[in-house]
Amino acid sequence: MTQQLSTNQDLDPTLLRAAFGFFPTGVVAIAAEVDGRLVGLAASSFTTVSLDPPLVSVNLARTSKTWPDLRRAGHLGVTVLAGEQAVVCRQLAGPVDDRFTGIAHLVSDEGAVTLDEGLARFDCTIYQEVDAGDHILVLLELHAVEHVDADSPSTPLVFHRSGFGRLEQTA
Ligand SMILES: Cc1cc2nc3c(=O)[nH]c(=O)nc-3n(C[C@H](O)[C@H](O)[C@H](O)COP(=O)(O)O)c2cc1C
């Protein structure tokens, strides 16, 4: 990386996707029961935003067929996926009818759906939706939070350069 960044580059989506891929993230499941049906998806764009009020965000593609249903839910569940849930993650991004097959989950009275095996679970409502190019930045307000024991050996699922990894604690 000795050269200067040249400006006026053609920032085509393939280049951007590859560059963005160097930034590792966790992955969450966002899910709810809507009209008696489980709907949800996997998202690596989850970010913590604010403690007061308690807010997190996810960034969802405008092309998402699930978001228009999900946003009608009273409450949404967000689950931080654990390292051993790579298969669950792929399933939650796959064919809609199979997304929850065999996945142990809990449905709250208000319809938020969280996964039993996650590391942390949040019960949320939509705080604000912000236009963000070809995505919608969704701010979620938290109403309930739960997580595994602080001394649990579980580590989060890490998404990096289109693949999954685990976190290696070095300090
Ligand atoms: C690891 C991983 C991370 C993903 N992160 C996001 C994300 O942050 N935002 C998003 O809109 N879709 C994301 N997706 C894709 C969605 O899970 C889903 O496949 C996509 O929204 C298409 O399904 P839909 O039309 O039912 O929404 C991700 C998929 C995977 C496998």
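Here the structure is shown first, and the text comes after it.
The structure displayed is predicted, hence computed values, not measured ones.

Re the site of the ligand
Near the ligand you find 16 residues, and of these Ala42, Ser45, Ala61, Ser64 and Thr66 are the closest. One of the side-chain nitrogen or oxygen atoms of Ser45 is found 2.7 Å away from an oxygen atom of the ligand. One of the side-chain N or O atoms of Arg99 is found 3.0 Å from an oxygen atom in the ligand. Relative to its unbound accessible surface of 610 Å², the ligand loses 81% to contact with the protein. Only strand 2 (37-43) and strand 4 (54-61) provide two or more residues apiece to the shell around the ligand. Per-class residue counts for the shell around the ligand are nine nonpolar, five polar and two charged.

A few points about the pattern of salt bridges
Using the criterion set out here, one finds seven salt bridges in the structure. Across the pair Arg72 and Asp35 runs a salt bridge, and its minimum N-O distance is 3.0 Å. Placement of the pair is Arg72 in the loop between helix 2 (67-70) and strand 5 (76-80) and Asp35 in the loop between strand 1 (28-34) and strand 2, with a sequence separation of 37 residues. A relative accessible area of 48% places Arg72 in the partly exposed class. Overall, the relative accessible area of 65% leaves Asp35 in the exposed class. The closest approach of N and O atoms between Asp69 and Arg37, which form a salt bridge, is 3.1 Å. Of this pair, Asp69 sits in helix 2 while Arg37 sits in strand 2, placing them 32 residues apart in sequence. Among the charged side chains, a network of salt bridges with common partners joins Asp35, Arg37, Asp69 and Arg72.

Conventions used here
- Sequence order sets the numbering: in each chain, residues are counted from 1 along the sequence as written.
- Note on the predicted model: pLDDT of at least 70 is required for a residue's local features to be given, and 80 or more for side-chain atom pairs to be given and counted; whole-chain, interface and lining totals, by contrast, use all residues.
- Heavy atoms from the whole structure form the basis of all side-chain values; hydrogens and water molecules are not counted.
- Proximity is defined per residue: if any heavy atom of the residue lies within 4 Å of a molecule or strand, that residue is considered near it.
- N or O atoms within 3.5 Å of each other form a polar contact, as long as, within protein, one can give a hydrogen and the other can take it, and as long as residues adjacent in sequence are counted only when both atoms are side-chain atoms.
- Here, Shrake-Rupley sampling with a 1.4 Å probe gives the accessible areas, and only protein chains in the shown set may cover a residue.
- Strands are runs of DSSP state E lasting at least two residues, helices are runs of H or I lasting at least four, and both sets are numbered from the N terminus onward.
- In this count, Pro and Cys sit with the nonpolar residues alongside Ala, Val, Leu, Ile, Met, Phe, Trp and Tyr, while Asp, Glu, Lys and Arg are called charged and the others, Gly among them, polar.
- We define a salt bridge as a contact between a side-chain nitrogen of Lys or Arg and a carboxyl oxygen of Asp or Glu at a distance within 4 Å.
- Note on exposure labels: buried denotes an accessible area under 20% of the residue type's maximum, exposed denotes more than 50%, and partly exposed covers the range between, all computed with a 1.4 Å probe on protein chains only.

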